[in-house]
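# Geometric and topological summary
The primary structure of each chain is shown beneath.
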Amino acid sequence: MTPQQQSTQAPLVVVSGPSGVGKSTVVARALQRDPRVWLSVSATTRAPRTGEQDGREYFFVDDAAFDQLVATDGLLEWAAFAGHRYGTPSAPVLERLAHGTPVLLEIEVQGARQVRERVPGALLVFLAPPSWDVLEARLSGRGTESPDAVARRLVAAQEELAAASEFDRVLVNADVEECAQALLDLVAAAFSSEGGT
Ligand code: 5GP
């Protein structure tokens, strides 16, 4: 079944925004609060960071395996970001939606645009930082990337921030708890409008 043929019975909610804005933290908190929501696990060609496990944070694949996913139309969307490729495996997402489980995708902006094209009912949520200075400090201070990688992500972040107006909703991540709750409220509202319970 192609995504276009899929009649979405539960909401597909995309959380996007610049690297360093706190997407993972907000999404993780939202999932703790409401475990009924399912977070898609992406495939990526980037190397695991310390503490990351294959199949949990990501499916860590090599270039050939990623090429294969693209060639077999196995990805709902994918994008190159800061020197690596990232994509959402379609099948698990479509299965959950068909069974009435709300699905979250935590992806960057180019991928969010593809989801908008392929899944018309999807809700696109942009997570914005309280200010540029806060974003820069978070990205530089988290210590997970080399200075080069941080610089690439800051360039990408400027472009991504400019895309906020393309999204259905913008949430400012000034407070993780409030932001996670606001996200769950949007999921619940999307669920009612999809006819879920
Ligand atoms: P990171 O390397 O920090 O885990 O992720 C880099 C960026 O890629 C983040 O903005 C993250 O949200 C995004 N990302 C993660 N998975 C996917 C995916 O499947 N598709 C797309 N388009 N972006 C993704």
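Here the residue index of a chain counts from 1 through its sequence in written order. Where local features are concerned, this predicted model is filtered to residues with pLDDT of at least 70; where side-chain atom pairs are given and counted, the filter is 80 or more; whole-chain, interface and lining totals use all residues. Think of the side-chain values as coming from all heavy atoms in the structure, minus any hydrogens and water.

## Focus on the overall build of the protein chain
Heads up, the condition is: Numbering of helices and strands runs from the N terminus; a helix is a DSSP stretch of H or I covering at least four residues, while a strand is a stretch of E covering at least two. It is over C-alpha atoms that the radius of gyration is taken, and the globule rule equals 2.2 Å times the number of residues to the power 0.38. Only protein chains enter the accessibility calculation, which uses a 1.4 Å probe. A residue is then buried if its area is under 20% of the maximum for its type, exposed if over 50%, and partly exposed in between. The contact definition used throughout considers only heavy atoms, calling two residues in contact when any of these lie within 4.5 Å. Only four residue types enter the tally: Lys and Arg on the positive side, Asp and Glu on the negative side; His and the chain ends are excluded. Where a charge lies is defined by one atom per residue type, namely NZ (Lys), CZ (Arg), CG (Asp) and CD (Glu).
When you go through the protein chain residue by residue, the secondary structure sums to seven helices and nine strands. Relative to the globule expectation of 16 Å for 197 residues, the C-alpha radius of gyration of the protein chain, 16 Å, shows essentially globular dimensions. Principal axes of the C-alpha set define a box for the protein chain whose edges measure 45 × 40 × 30 Å. Within the span of the protein chain, comprising 197 residues, buried residues form 46% of the whole. Partitioning the contacts of the protein chain with sequence separation of at least 6, the portion at a separation of at least 24 is 71%. Averaging the coordinates of the 17 positive side-chain charges in the protein chain and doing the same for the 26 negative ones gives two points 3 Å apart.

## Some remarks on the sheet that holds strand β1 (residues 12-16)
For clarity, the threshold we go by: Between any two strands, pairing holds if DSSP finds at least two bridges. Only C-alpha atoms enter the line fits that serve as axes; for helices the fit covers just the stretch in contact. Angles between N-to-C directions range over 0 to 180 degrees.
Read from one edge to the other, the open sheet built from five strands follows the order β2-β7-β1-β8-β9, with strand pairing classed as parallel. Where the open sheet ends on each side, the last strands, each with one partner, are β2 (38-39) and β9 (169-172). In the sheet, β2 pairs with strand β7 (residues 103-106) via two bridges, with the strands oriented parallel. Among the inter-strand pairings, Trp 38 is bridged to a residue of β7, identified as Val 103. Contacts from helix α4 (residues 109-118) reach β1, β7 and β8 (123-128) within the one sheet, and its direction differs from that of β1 by about 155°.

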